[in-house]
Each structure stands twice: as structure tokens, then as C-alpha cells.
Amino acid sequence: MKEFSFDRYLRTLGWFLQANRSQLLHWTAGSTLCIFVGQLFFLWLPLRLSSTTNFYAANVNALSDFFGAVVAIVMLVAFSSIFSTIQKKQRAISFFMLPASNGEKYAVLLTYVSLIWPLSVFLAFALGDTLRMLAMPLLYRVGFVSGIPYMLDVLTPYALSGANGFSLAAAAFMLVSMVWIHSVYVASGSVFRKHAFVIVTLALLAGVSVLGYLGNMLFGKFILMSVNNGVTTTHPCLWIFTLVLSVWAVYNYRLSYRLFKKLQIIHHKRTNL
């Protein structure tokens, strides 16, 4: 099969979700419980040690910021685990035997790590936070304060939120940067069978540090994007960076798909090359 059929893709996705239903439900339920207990403890402790509840909303805000960062990390781990669900021999055989094209099967894996996992993570946080919001007023005289809006603020880049005015260049760069980051972790998960998240994260940190150091040496203080008095200003070169990241992201997705087409039932223990 060479043609991409959306109907076959949906049927394959339904089979894949059914096959991984138990793992997904257990993981979501466990995460919900951990978030609920964690929030309950870290919000109960300040109230237990203080004589006032005036800072409860601020504490919810700070805790939601922390969980927002955790959610972002978990999403990156998910992106770098694109082939993890078919690494076992029996699962791989069952998946590759499905009556679907390579493009449809790859799209299912990409959907699972890019959409299903993030939605499950957000659902776990929303359920855990809601349970905490309902339980805390039973223990102390506090209001029903939800942490979901605070977490969404953490996950939404300021260039896309419009909080500092709207800049097309800044919004395009931020959107393309998010796609590029996604493509980098997907590509790394396609290359490495184990520890892909750790490898690519360390590589990105090292690369950004080296490029920042070299850029400072060669060009001095060079600011692509800044916020002054609530207004976002951008450098014209930001469009060049946006174009470069766009092309790079396309290459990463192409590399990932090509590796998938060459994927074997039994492969190297560390990589898929």
C-alpha cells in the first residue's frame, strides 16, 4: 500500500489505542492520583504552618507553575518515545502486520505521542487539580481556586498569547520553534531506542551554549527578540532563523519517517540505524 487513506488511518489508530488502552488508563489514573496527593500536601503544609489563608491562591499559582514545567518535560519525553510502544517483538509483529500503508502506521505513532499522550497528561493534571480544588475547602476555609488557568499560562509562549502586543515575526518564530523542538525529539526517538530524551536534551543544551558563546564573540550583543514597556520588538534576522528552523524541522520529520520504513522486528539494542 502506497496511498494514504484517512479511513485506514483512523481504523489503525483505533486498533492501536485499543491495544494500548490498559497502559494508557493506568498511567493516566496513576498520574491523577500523584498530582492530587502532591498538590494536597504542598498546599496543606503552608496552611498548617500559617495563621492565614490569604496566600492560598498565590500558592496554587506557584504550584501550578511547577506542574506546568513537569507537564512540558513529560510531553518532551513522549515525543522522544515515538517507537517505544513497538520495541517488543510481539507488539512490533502485530503492528507491522496491520493492513495499512507505512505512512498511515507512522501517522498513528506520531499521533499517539504528539496528541494522545499530551492530552492524557493534561487530563491527569485537570482531574488531579479538580479533586484538590474540591477537597481543600473541606479542610480549611479557602475558596475553589483552580490551577488549570495558571498552568495554561506557563505552557503558552508570550509571543502567542498577545500579552505584550502582537508581532507577526515573533509569533511565527515561536510557533516554528515549537514545531522544530517537537521534530528534534521525534527524530531523536526514531534514532535512539533508549535514553533519547536525555541524549537530545543534553545535546540541545550544549549546542545552545556553544552557539550563544560563539555568537557573542563574533557579533557581540545580538538580540533577536525583546519586550520593552509591554511591546515586543524583533530583529529582521528573526525571519531567517524562522526559515532555517522550518527547513530543519521538515528534515527531522523526513528522517524519522525514513527510519520507520527501515525499521525491523529485531534491531540494534541502542539505535534504530
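Our subject is the structure that appears above.
Residues numbered from 1 in each chain as written. Predicted model: local features only at pLDDT ≥ 70, side-chain atom pairs only at ≥ 80, totals over all residues. Heavy atoms only, no water.

Student: Account for the overall build of the protein, naming residues and giving values.
Tutor: The helix and strand tally for the protein stands at 10 helices and two strands. Beginning at the N terminus, the succession of helices and strands in the protein can be written as α-α-α-α-α-α-α-α-α-β-β-α. In terms of overall dimensions, the protein has a C-alpha envelope of 65 × 55 × 35 Å along the principal axes. A burial count over the protein gives 38% of its 273 residues as buried. The long-range share in the protein, meaning contacts at least 24 apart out of those at least 6 apart in sequence, stands at 76%. Summed over all atoms, the accessible surface of the protein reaches about 16,200 Å², with 69% contributed by carbon and sulfur. (Helix = DSSP H or I, 4+ residues; strand = E, 2+ residues; numbered from the N terminus. Buried < 20%, exposed > 50% of the residue type's maximum accessible area, 1.4 Å probe, protein only. Contact = heavy atoms within 4.5 Å. Areas by Shrake-Rupley, 256 points an atom, 1.4 Å probe, with all protein chains shown as cover.)

Student: Residue-level account of helix α8 (residues 168-191), with values.
Tutor: Between its first and last C-alpha, α8 extends 34 Å over 24 residues, near the 34 Å set by a 1.5 Å rise per residue. Buried residues dominate α8, accounting for 19 of its 24 residues. (Expected span 1.5 Å × (residues − 1).)

Student: Tell me about the pattern of salt bridges, and please be specific about residues and values.
Tutor: This structure, assessed with the given rule, holds three salt bridges. Note that aspartate 7 is salt-bridged to arginine 11, the shortest N-O span being 2.2 Å. In this pair, aspartate 7 and arginine 11 are both assigned in helix α1 (residues 6-19), four residues apart and thus about one turn of the helix distant. A relative accessible area of 46% means that aspartate 7 is categorised as partly exposed. Among the residues examined, arginine 11 registers a relative accessible area of 52% and is labelled exposed. (Salt bridge = Lys/Arg side-chain N within 4 Å of Asp/Glu carboxyl O.)

Student: Got a sec to walk through the nonpolar core? Specific residues and values, please.
Tutor: Ranked by size, the top nonpolar core spans 31 residues in total, and within it Phe16, Ile82, Phe83, Ile86, Phe95, Leu109 and Phe260 carry the most contacts. Residue assignment for this core shows that the elements contributing at least two residues are α1, α5 (102-139), α8 and α10 (238-261). Once you skip the residues sitting within four places of it in the chain, phenylalanine 83 turns out to touch Tyr106, Leu109, Gly189, Ser190, Ser256, Phe260, Leu263 and Asn272. Counting 17 residues, the second-largest nonpolar core is a separate cluster that includes Leu47, Leu63, Phe67 and Met136. (Core = buried A, V, L, I, M, F, W, Y, C linked by side-chain atoms within 4.5 Å.)

Student: With reference to specific residues and values, describe unusual backbone geometry.
Tutor: You will see that histidine 195, though not glycine, has its phi angle at about 60 degrees, which is positive. Within the secondary structure, histidine 195 is located in the loop between α8 and α9 (196-219). Owing to a relative accessible area of 57%, histidine 195 belongs among the exposed residues under this scheme.

Student: Could you give me a rundown of the packing of aromatic side chains, with the residues and numbers involved?
Tutor: A full pass over the atoms with the stated rule returns 17 aromatic pairs. Relative to phenylalanine 95, the ring of phenylalanine 16 has its centre 5.6 Å away and its plane inclined at 70 degrees; by these criteria the two rings are edge-to-face. Here the residue phenylalanine 16 occupies a position in helix α1, and phenylalanine 95 occupies one in helix α4 (residues 89-96), the gap between them amounting to 79 residues. Take phenylalanine 16 and phenylalanine 95: they sit in the same class, and that class is buried. Ring geometry for phenylalanine 95 versus phenylalanine 260: centroids 6.5 Å apart, planes at 70 degrees, classification edge-to-face. Of this pair, phenylalanine 95 sits in helix α4 while phenylalanine 260 sits in helix α10, and the two are 165 residues apart along the sequence. Residue phenylalanine 95 is classed as buried on the basis of its relative accessible area, which comes to 1%. In this structure an aromatic cluster arises from ring pairing among Phe16, Phe83, Phe95, Phe96, Tyr106, Tyr112, Trp117, Tyr257 and Phe260. (Phe/Tyr/Trp six-rings, centres within 6.5 Å; stacked < 30°, edge-to-face > 60°.)

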